[in-house]
Amino acid sequence: MWQIIKNEWHFLVRTKLMVGITLGFAALLLTTIILANYQTRKQAEAYHGAKHHVRSQWESIDAMNPHGAAHYGTFVFKPANLLSSLDEGVNSITGNMIRIEGHVQNEMIHSEASQMQAISRFGKLRSSLILKYIIPLLLIFLAFSAVSTEKQSGRLRLIVLQGGNPTKLVLAKSLAIWFYGIMLLLLVMASYSLLNLQNLDANVLQRSLMFFGVYALYYFVVTGLTIFLSSRWQNPTLALTSMLGIWMVWTVFLPNILLSSVEKWHPLPSRNDFQAAMREDRTKGIDGHNPSDKRAKTLEARVLAEYGVNSLSQLPINFDGIAMQEDEEYGNQVWDKHFGSVRRVLARQKNSLQFGGIIDPFISLDNTSKGFSATDNFHHQEFLVQVEHFRREFIKALNDEHAYGGSRSGDWGWEADNDFYRSVEDFTYQPTELKTVFSQYWLDIGILLFWSLLTLGLLFFGTKKISVI
């Protein structure tokens, strides 16, 4: 069997057309990796520059009322992701900056896609575009040619008539073509590693290894199915057309159909309905109970009783800061209710789409490619959750200073000094652990393994009698 693999590789090396195609693909892959890596580095420089600038502005605040500072707010920038050089995922459309301020949970703005002159269905030219779409197509043609050439030359008939094992033959050819795909994949990973050698850590290496693994599984499925159809069907044109049809259905039609379906099965509220529902809950109370005016009166009575005084003017603290923080706490409940509902719907959409991999392994590949590159919607939602936790701590620190920092109720002219503002901690993003990513994509990995085993089974048990015509 290894001799057959060697012969296939010798044929590829001796064929000038294949050498030219290989060199062309290698040059294209290297170009995309270099350009994507350059863009990622520029984004990282812009991120660090903007983060430093905004923090410097915050730390340069002179004496200022804490509530005014809460409205002044600050900005958080989504950090550049080293692995986005491999698969950009949703990063170009989700935005990269979010304003942090009191009373409101803002959305991210300034997406890269909104600043592009043209938006393609496949996105920008990235290595993931070639790895997901173009290389599998090349493997289909190579795998088909590996069998059709043997049939046309009569060597396949001769091998079978002489008692050769057809199963070993098709398996060896499958492995030979698969190794060619692995070689191109290794070229991408090696180039990526060399360009980012100084920034590689255990997390990036582990994610890169998983990225390599899921693509290797998918390439085996595509190659093996093409070899199987070409060896079993007498009409070579029909075999090639069928596999190309499968490739188109997998990569173009089914993903769009399933995406549209899961959005209908698990619909998200419109932006207007979503914002109107939050405004109503803030003023009238969650589920129509405990409206804002009643909450204010209850809070005032509780604070007065706690300090044993009869009026707000007798309080040794600033009731306004307490009231604003209480409003923030209630707003947090409202946001947890509505934003939490949106995240649950997104999770149900993701889970439903994952089951589509049972009939379309490309969906599982696409999910895991983005997931292990940390550029999927799950990682984006994790980032937003961390930002919201920071916003709550940030605003609470300002409200607490307003309430307990030395001012009295009604004294809106009181100001906190610069030392206080410098003491407020900045946002620090904590990357999602790989085990958490596994918990989100174990189904996709399992489906890719299932498809690989199914393909291997077809090659072993479905090619004992092959068409030699």
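Because the structure is a prediction, the values reported are computed rather than measured.

Reading guide: rules and limits
Residues numbered from 1 in each chain as written. Predicted model: local features only at pLDDT ≥ 70, side-chain atom pairs only at ≥ 80, totals over all residues. Heavy atoms only, no water. Pairing = 2+ DSSP bridges. Helix = DSSP H or I, 4+ residues; strand = E, 2+ residues; numbered from the N terminus. 1 Å grid on protein atoms, 1.4 Å probe; cavity = no way out; pocket = protein on both sides within 12 Å on 5 of 7 lines; lining within 4 Å. Points joined across faces, edges and corners; volume = space filled by probe spheres on them. Nonpolar A, V, L, I, M, F, W, Y, C, P; charged D, E, K, R; others polar. Buried < 20%, exposed > 50% of the residue type's maximum accessible area, 1.4 Å probe, protein only. Polar contact = N/O pair within 3.5 Å; in protein donor to acceptor, adjacent residues only side chain to side chain. Contact = heavy atoms within 4.5 Å. pLDDT = per-residue confidence, 0-100. Salt bridge = Lys/Arg side-chain N within 4 Å of Asp/Glu carboxyl O.

**Topic: the sheet that holds strand β1 (residues 74-77)**
So, step 1. On the basis of which strands lie adjacent, the open sheet formed by three strands has the order β1-β2-β3 and antiparallel pairing. Either end of the sheet is taken by a strand with one partner, and the two such strands are β1 and β3 (104-105).
So, step 2. By the bridge criterion, four bridges tie β1 to strand β2 (residues 97-101) in an arrangement that is antiparallel. Opposite Phe 75, over in β2, you have Arg 99 as the bridge partner.

**A word on the layout of surface pockets**
Any empty space left between atoms is shown by rolling a water-sized probe over those atoms.
So, step 1. Taken as a whole, the second largest pocket holds about 660 Å³ of empty space.
So, step 2. Residue lining of the second largest pocket: 26 residues in total, with Pro 79, Ala 80, Asn 81, Leu 82 and Pro 431 positioned closest to the centre.
So, step 3. Among the elements of the structure, α2 (16-59), α8 (202-232) and α14 (377-404) are those that each provide at least two residues to the lining of the second largest pocket.
So, step 4. Among the elements that line the lining of the second largest pocket, the one with the most residues is α2, at five residues.
So, step 5. When the residues that make up the lining of the second largest pocket are grouped by side-chain class, the tally is eleven nonpolar, eleven polar and four charged.

**Concerning the side chain of Thr 223**
So, step 1. With respect to the secondary-structure elements, Thr 223 resides in helix α8.
So, step 2. A relative accessible area of 0% places Thr 223 in the buried class.
So, step 3. Within polar-contact distance, the side chain of Thr 223 engages the backbone oxygen of Tyr 219 at 2.8 Å.
So, step 4. In this structure, Thr 223 is in contact with Leu 139, Ala 143, Ser 174, Ile 177 and Trp 178, ignoring residues within four places of it in sequence.

**A word on the confidence of the model for the chain**
So, step 1. Averaged over all residues, the pLDDT of the chain equals 86, while 87% of them reach at least 70.
So, step 2. Ranking the helices and strands of the chain by mean pLDDT puts helix α13 (residues 361-372) first, with 96, and helix α6 (residues 155-161) last, with 62.
So, step 3. Residue range residues 117-122 is modelled with pLDDT below 50. Its contacts to residues more than four positions away, or to other chains, number six contacts.

**Things to note about the environment of Leu 171**
So, step 1. Note on placement: Leu 171 falls in helix α7 (residues 166-195).
So, step 2. Linking Leu 171 and Leu 458, residues 287 residues apart in sequence, is a C-alpha distance of 10.0 Å.

**Some remarks on the pattern of salt bridges**
Pairing between side chains becomes possible if they bear opposite charge and their charged atoms approach one another.
So, step 1. Inspection of every chain in the model, using the stated rule, returns 17 salt bridges.
So, step 2. Residue Asp 87 is joined to Lys 132 by a salt bridge in which the shortest nitrogen-to-oxygen separation is 2.9 Å. With Asp 87 in the loop between β1 and α4 (91-94) and Lys 132 in helix α5 (residues 127-153), the pair connects residues that are 45 residues apart, well separated along the chain.
So, step 3. With relative accessibility at 4%, the residue Lys 132 sits in the buried group.
So, step 4. The partner of Asp 327 in a salt bridge is Arg 282, with the nearest N and O atoms 2.5 Å apart. Remark: Arg 282 occurs in helix α10 (residues 271-284) and Asp 327 occurs in helix α12 (residues 319-355); sequence separation between them is 45 residues.

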